[in-house]
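Coordinate analysis (summary)
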Amino acid sequence: MSLIEMKHVKKQYKNGVVAIHDLNLEINKGEFVFVIGSTGCGKSTLIKMLYREEKPTSGSIKVGGIDVAKLRNRKVYILRRKLGVVFQDFKLLYKNTVYENVAFALEIFGIPKDEIHEKVLKVLDLVGLKHKAKTYPTQLSGGEQQRVAIARAIVNGPKLLICDEPTGNLDENTSFEIMDVLEEINKLGTTIIMVTHDTEIVNKMKKRVILLDAGRVVKDYEKGTYTHEVN
Amino acid sequence: MKLIRIFFRNVRDSFKSVFRNFSLSLASISCITITLVVVAISILLTTNVNNFARLIEKDVTIVTFLKLNITEEEKDKVEQEIRSMDNVDSYTFESKEEISNSMMEDSETFKSIMEQWKAEDSPIQDTFRVKVDDIKQIEKTADAISKIENVSLVKYGQGMVEQLISVFEIVKNISIGVVVALIIVTAFLIANTIKITIFSRKREIEIMRLVGASNLNIKIPFIFEGLFLGILGSIIPVVVTIYGYVTIYENFNGQLFSPFIKLIEPQPFIYYVSGLLVAIGIVVGMFGSWRAVRKYLKI
């Protein structure tokens, strides 16, 4: 059962740069996929189109049954509620506590307080930060902040978690801690797509690896490693 | 139930946000405060000018002289006709006897002369004093009255009254224009100030969108925030209005320069103005926030 289906997707930016050429891709439910490639290969564009930060110029993209290419600006939230996104720079609200940052994603749905409380603590427990619920993000280390961001992304129980270089700002040990958390989440049934530059992580995890080059999929390994082909 | 929860969450969050972004909120609040003080002053001025104009207009009377030696029935007929006119607000009748008596009381000279007149010689005429509803129509009404049978002469300060009316009309229109323009300028000024403050919260909006907030979800807390800013911004203008106006009123004994120019009584006037200021603050704050946040939703 495919969760993501991309057919003949092309993305050309307004300045004329073609970031993605005729891309076809299928990702199944429950998969853990790395998207790798050199800088400017189109991997960021690819995942931005998945959560409709960017619109494809042509072709079709289906994410969990939603036709993303045809989704109107006003309706983007419908898609966003079905997936979670994690970034390199965490994108936390620094004036809110850890708890509030995570609860934020639930409150907009009008979920009762007790239920929010329960869900937030559960997910904070999952990322190992239950004891820091009342601290502010600035008082946390980078790895901890990223775990808060992950908690926020998954608190809704999304089918898909998109990670854009989540370990890009973190040291090696912390990166592996984050990967452990992501693997845990993946085991619970969430599909994960992760863009990364980190060779070590890709090699160690032995997951599906999609290699992009100049906007095209050049390799798609079932259980791949970060080969030297990239550089 | 869900909607109520969302509503209260929005109220709570926007309240929190006003204080968490206090320095930015302060900028918006001061902007609202300053402009509302100016709006308050112009509202107080215009309403007083209008009030003064209305008082003068009220005093304008059409004096209707009847022909000499008319019968009681003829007089009643004139009265009926005056009463049936659309623009007539009220009228009083003074018989020639009443007029002569009051004139004789006023002056000894008059008395000595008038006492020699026989009733049928007296040049004094029976008189109707007519007040009109719409002063702009006074000429027409006076004209119509003069055409009634047995009316000899109609006077209402022709020329002077028209001039006065047109001056008041101009003053009224200019002052209303100034107040409206001020309110519109305030709205955009506040929209801009809030836009600057929201710019620093672009990130917050971006994150809200990322976690699946609909545009309405995002807008509502900001609009509530605008509402709070409007209320907070109108506190000082309201205080200035209430204390300022009462102080001025008492210092001038309720009149400006002469007993002719009466100031409006402070109560309940100042409360209406205060209510209006809060309402303007709220509307303008909400409008400003709504406009400002809209810009960041075009992603």
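Located above this text is the structure these notes cover.
These notes cover the structure that comes with them.

Helix and strand counts for chain A stand at 7 helices and 10 strands. Per-residue burial over chain A gives 53% buried out of 231 residues. Residue pairs at least 24 apart in sequence account for 68% of intrachain contacts in chain A once pairs closer than 6 positions are excluded.

Residues and elements named next belong to chain A. The 6 strands are arranged S6-S7-S8-S3-S9-S10 in an open sheet whose pairing can be described as mixed. The open sheet has two edge strands, strand S6 (83-87) and strand S10 (216-221), and neither has a second partner. Each strand axis lies, on average, 15 degrees off the axis of its neighbour in the sheet, ignoring direction. Bridge count for strand S3 (residues 32-36) against strand S9 (residues 208-213) is 4 bridges, and the pairing is parallel. Across the sheet, residue Val 35 finds its bridge partner in S9, namely Ile 210. Here helix H1 (residues 43-50) sits on the sheet and contacts S3, S6, strand S7 (160-164), strand S8 (191-195) and S9; the angle it forms with S7, its principal contact strand, is near 150 degrees. Contacts from helix H5 (residues 142-154) reach S6 and S7 within the one sheet, and its direction differs from that of S6 by about 165 degrees.

What follows is about the packing of aromatic side chains. Inspection of every chain in the model, using the stated rule, returns 8 aromatic pairs over all chains. Here the guanidinium or amino end of Lys 91 of chain A rests over the ring plane of Phe 87 of chain A, the centre of that ring lying 4.9 Å away. Across the ring face of Phe 93 of chain B, the terminal group of Lys 75 of chain B is positioned such that the distance to the ring centre comes to 4.0 Å.

This paragraph deals with the pairing of S10 of chain A. Bridging between S9 of chain A and S10 of chain A involves 5 bridges; their strand directions are antiparallel. Across the sheet, residue Asp 213 of chain A finds its bridge partner in S10 of chain A, namely Arg 216 of chain A.

Take a nonpolar patch on the surface next. On the surface, Leu 232, Ile 235, Ile 236, Val 239, Val 240 and Tyr 243 of chain B cluster together into a nonpolar patch covering about 550 Å² of accessible area. Take the nonpolar patch: its biggest share by element is 5 residues, from helix H10 (residues 235-251) of chain B.

Residue and element names in this part refer to chain A. Spatially, S2-S1-S4-S5 is the arrangement adopted by the 4 strands of the open sheet, whose pairing is antiparallel. What marks the edges here is a single partner per strand, and that holds for strand S2 (18-28) and strand S5 (66-67). Two elements, strand S1 (residues 2-12) and S2, share 7 bridges in a ladder whose sense is antiparallel. Across the sheet, Val 9 pairs through a bridge with Leu 23, a residue of S2. Contacting S1, S2 and strand S4 (58-63), H1 runs over the sheet at an angle of about 120 degrees to S1.

Inside soluble globular proteins, nonpolar side chains tend to come together where they are buried. Residue and element names in this part refer to chain A. The biggest cluster of nonpolar side chains holds 87 residues, and the ones touching the most others in it are Phe 34, Leu 124, Leu 161, Leu 182 and Met 194. Once residues within four sequence positions are removed from consideration, Leu 124 is found in contact with Val 98, Val 102, Leu 129, Lys 130, Ala 133 and Ala 151. Residues Ile 27, Leu 83, Val 85 and Ile 162 belong to the second largest nonpolar core, which totals 33 residues.

Each partner contributes residues to the interface: chain A has 29 residues there, and chain B has 24 residues. Summed over both sides, the interface of chain A with chain B buries roughly 2300 Å², with 51% coming from carbon and sulfur. It is Arg 80, Phe 104 and Ile 108 of chain A that lose the most area in chain A upon contact with chain B, and together they represent 24% of the buried surface on that side. Our count for the contact surface shared by chain A and chain B stands at 2 salt bridges. Across the salt bridge formed by Arg 12 of chain B and Glu 107 of chain A, the nearest N and O atoms sit 3.2 Å from each other.

Take helix H6 (residues 138-146) of chain B next. For H6 of chain B, the full list of buried residues reads Ile 138, Thr 141, Ala 142 and Ile 145 of chain B. The arc that holds every buried residue of H6 of chain B, seen down its axis, measures 100 degrees, which confines them to one face.

Basis of the calculations
- Residues numbered from 1 in each chain as written.
- Chains lettered and ligands numbered in written order.
- Predicted model: local features only at pLDDT ≥ 70, side-chain atom pairs only at ≥ 80, totals over all residues.
- Heavy atoms only, no water.
- Helix = DSSP H or I, 4+ residues; strand = E, 2+ residues; numbered from the N terminus.
- Buried < 20%, exposed > 50% of the residue type's maximum accessible area, 1.4 Å probe, protein only.
- Contact = heavy atoms within 4.5 Å.
- Pairing = 2+ DSSP bridges.
- Axes fitted to C-alpha atoms, helices over the stretch in contact; angles between N-to-C directions.
- Phe/Tyr/Trp six-rings, centres within 6.5 Å; stacked < 30°, edge-to-face > 60°.
- Lys NZ or Arg CZ within 6 Å of the ring centre and 35° of its normal.
- Patch = residues over 30% accessible without salt bridge, like charges linked within 9 Å, V, L, I, M, F, W, Y side chains within 5 Å.
- Areas by Shrake-Rupley, 256 points an atom, 1.4 Å probe, with all protein chains shown as cover.
- Salt bridge = Lys/Arg side-chain N within 4 Å of Asp/Glu carboxyl O.
- Core = buried A, V, L, I, M, F, W, Y, C linked by side-chain atoms within 4.5 Å.
- Buried area = accessible area lost by both parts, 1.4 Å probe.
- Arc of directions from axis to C-beta.

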